[in-house]
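# Working through the structure, step by step
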Amino acid sequence: MNTSRRILLTGLAGLAVAPTAVAAAVASPVPDDVTVAEERFARVIAAAHAPDVTCARQAERYADAHWLDYVVAARAVLDARV
């Protein structure tokens, strides 16, 4: 899968399962409960939702700070692929 397609799917996954909409229904995941794949995908989704996506450093810092908010979206996408 090429990079642009991954970015598109990541963006759609983030929009489909927005963490703010799901936060009320699901408790926050504990970092020990998250698999490596879920964490990496959550970081990608968080970086795509950074306020200033044009700055790679800011997107990376945003992803480091907020990746736990996007674990639910990452799990939804990974579970849909199975």
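Our subject is the structure listed above.
The notes below deal with the structure included here. All values reported here derive from a predicted model rather than from experimental measurement.

Now for the overall build of the protein chain. The number of helices and strands found in the protein chain is 5 helices and 0 strands. The helix and strand sequence of the protein chain, counted from the amino end, reads α-α-α-α-α. Put simply, the protein chain has 82 residues, and 24% of those count as buried. Looking at the protein chain alone, contacts between residues at least 24 apart form 67% of all its contacts between residues at least 6 apart. Surface exposure of the protein chain reaches about 5600 Å², of which carbon and sulfur atoms provide 58%.

With that settled, the discussion passes to the packing of helix α3 (residues 36-48) against helix α4 (residues 56-66). Between α3 and α4, whose axes approach to 8 Å, the crossing angle comes to 130°. It follows from the interaxial angle that α3 and α4 lie oblique. At the point where α3 passes α4, the crossing takes the right-handed sense. Contact residues: Arg43, Ala46 and Ala47 in α3; Ala59, Tyr62, Ala63, Asp64 and His66 in α4. Looking at the contact of α3 with α4 residue by residue, the class counts come to 5 nonpolar, 1 polar and 2 charged.

Turning to α3, a few remarks are in order. The first and last C-alpha atoms of α3 sit 18 Å apart over 13 residues, in line with the 18 Å expected at 1.5 Å per residue. Those residues of α3 that fall on the buried side of the exposure criterion are Glu38, Phe41, Ala42, Ile45 and Ala46. One face of α3 carries all of its buried residues, which in axial projection span an arc of 140°. Opposite the buried face of α3, at more than 90 degrees from it, the exposed residues are Val36 and Arg40.

Another point: helix α5 (residues 71-81). By the burial criterion, the buried members of α5 are Val71, Ala73 and Ala74. Down the axis of α5, the buried set is contained in an arc of 160°. They therefore lie on one face. Among the exposed residues of α5, those oriented more than 90 degrees off its buried face are Asp79 and Ala80.

At a closest axis distance of 8 Å, the pairing of α3 and α5 adopts a crossing angle of 115°. For the element pair α3 / α5, the angle class is roughly perpendicular. Both α3 and α5 take part in a crossing whose hand is right-handed. Of α5, the residues touching α3 (which contributes Ala37, Glu38, Phe41, Ala42 and Ile45) are Val71, Ala73, Ala74, Arg75, Val77 and Leu78.

Calculation rules
- The written sequence of each chain sets the order in which its residues are numbered from 1.
- Per-residue local features are limited, in this predicted model, to residues with pLDDT of at least 70; the limit for side-chain atom pairs, both in listing and counting, is 80 or more; totals at the level of whole chains, interfaces and linings are taken over all residues.
- Think of the side-chain values as coming from all heavy atoms in the structure, minus any hydrogens and water.
- The helix and strand labels rest on DSSP assignments: H or I over at least four residues marks a helix, E over at least two residues marks a strand, and numbering proceeds from the N terminus.
- Here's how the labels work: a residue is buried when its accessible area is under 20% of the maximum for its type, exposed when over 50%, partly exposed in between, all with a 1.4 Å probe on protein chains only.
- Residues are treated as being in contact if the distance between any of their heavy atoms lies within 4.5 Å.
- Under the convention used here, a 1.4 Å probe and the Shrake-Rupley method define accessible areas, while residue burial counts only the protein chains that appear.
- Geometry is summarised by axes, namely lines fitted to C-alpha atoms with helices restricted to the contacting stretch, and by angles between N-to-C directions that run from 0 to 180 degrees.
- The labels follow the angle: roughly parallel below 35 degrees, roughly antiparallel above 145, roughly perpendicular from 65 to 115, and oblique for the rest.
- The crossing is said to be left-handed when, going from far helix to near helix, the turn is anticlockwise and less than a right angle, and right-handed when the turn is clockwise.
- Under the scheme applied, nonpolar residues are Ala, Val, Leu, Ile, Met, Phe, Trp, Tyr, Cys and Pro; charged residues are Asp, Glu, Lys and Arg; polar residues are all the others, including Gly.
- Expected span of a helix: the number of residues minus one, times 1.5 Å.
- By construction, the arc corresponds to the directions joining the helix axis to the C-beta atoms.

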